[in-house]
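# Close look at the chain arrangement
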Amino acid sequence: MKRFDVMAAVVGLTLAVGMAGSASAFAGKAAKTVTAPPPGYTGQWYVSGGCSYSRAQAPGYPVHWVLILNPHHIGQGAAPSHCPYRL
């Protein structure tokens, strides 16, 4: 075998093993759903699925909800890894 073929085989095997390991790690966990706030919601903070978000809006732009990584000021724990960064 040529050196390039061996390297490609090693990389392919590494990716396959890594993907199989990550799939099995999440197999037993139920995915938590994070929903956006209802259209008329006017509060500064919003919590859904264990994820805390803060309202952000520039003049002339729509509202964006941004993940709070350490929401201790609203009585919540640190953001879990399943939380999307923006809603």
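One structure accompanies this document, and this report is about it. Computed from a prediction, not measured in an experiment: that's the story for all the values here.

Reading guide: rules and limits
- Residue positions are given per chain, counted from 1 along the sequence in the order it is written.
- Since the coordinates come from a predicted model, pLDDT governs what is reported: local features require at least 70, and pairs of side-chain atoms require 80 or more to be given and counted, while whole-chain, interface and lining totals use all residues.
- Only heavy atoms go into the side-chain values, all of them from the structure, while hydrogens and water stay out.
- Think of it this way: any DSSP run of H or I at least four residues long counts as a helix, any run of E at least two long counts as a strand, and we number them from the N terminus.
- The rule is simple: take the accessible area with a 1.4 Å probe, protein chains only, and divide by the maximum for that residue type; under 20% is buried, over 50% is exposed, in between is partly exposed.
- In what follows, residue pairs with any heavy atoms lying within 4.5 Å of each other are defined as contacts.
- Each accessible area is a Shrake-Rupley estimate made with a 1.4 Å probe; only the visible protein chains count as cover when residues are assessed.
- A strand pair is defined by DSSP finding two or more bridges across the two strands.
- Axes here refer to lines fitted to C-alpha atoms; in helices the fit is confined to the stretch in contact. Angles between the N-to-C directions go from 0 to 180 degrees.
- Nonpolar cores are built from buried Ala, Val, Leu, Ile, Met, Phe, Trp, Tyr and Cys residues. Side-chain atoms within 4.5 Å join them into one set.
- Pairs of cysteine sulfur atoms within 2.5 Å are what we label disulfides.
- Aromatic rings from Phe, Tyr and Trp, taking only the six-membered ring of Trp, are treated as a pair when their centres fall within 6.5 Å; an angle between ring planes under 30 degrees marks them as stacked, one over 60 as edge-to-face, and anything in between as tilted.

## What about the overall build of the protein?
Looking only at helices and strands, the protein features 1 helix and 3 strands. Its helices and strands in sequence order give the protein the pattern α-β-β-β, from N to C terminus. A burial count over the protein gives 14% of its 87 residues as buried. The contacts of the protein with a sequence gap of at least 6 include a subset with a gap of at least 24, amounting to 26%. Of the roughly 6,600 Å² that the protein leaves accessible, carbon and sulfur atoms contribute 66%.

## What to know about the sheet that holds strand β3 (residues 64-67)
Taken in spatial order, the 3 strands line up as β1-β2-β3 in an open sheet, and their pairing is antiparallel. Both outer strands of the open sheet, β1 (45-48) and β3, are each paired with one neighbouring strand and no more. On average, each strand axis in the sheet is tilted by 35° relative to the strand beside it, whichever way the strands run.

## Concerning the nonpolar core
Counting 6 residues, the largest nonpolar core is built from Tyr-46, Cys-51, Tyr-53, Trp-65, Leu-67 and Cys-83. The set of elements that each furnish at least two residues to this core consists of β2 (51-56) and β3.

## Focus: the state of the cysteines
As enumerated under the stated definition, the model contains 1 disulfide in all. Residue pairing for Cys-51: its cysteine sulfur links by disulfide to Cys-83, the two sulfurs lying 2.0 Å apart. Because the sign of the S-S torsion sets the handedness, a value of about -90° for the bond joining Cys-51 and Cys-83 places this disulfide among the left-handed ones. Of the two residues, Cys-51 sits in strand β2 while Cys-83 sits in the segment after β3, which places them 32 residues apart along the sequence. The class of Cys-51 is buried, set by a relative accessible area of 0%. For Cys-83, a relative accessible area of 7% puts it in the buried group.

## Thoughts on the packing of aromatic side chains
Think of a pair of aromatic rings as described by two things: how far the centres are apart, and how the planes are tilted against each other in angle. Scanning all chains against the criterion turns up 3 aromatic pairs. Between the aromatic rings of Tyr-46 and Trp-65, the centroid separation amounts to 6.1 Å while the plane-to-plane angle is 55°, which identifies the pairing as tilted. Linking Tyr-46 in strand β1 with Trp-65 in strand β3, this pair joins segments that are 19 residues apart in sequence. Accessibility assignment for this pair places Tyr-46 and Trp-65 in one class, buried.

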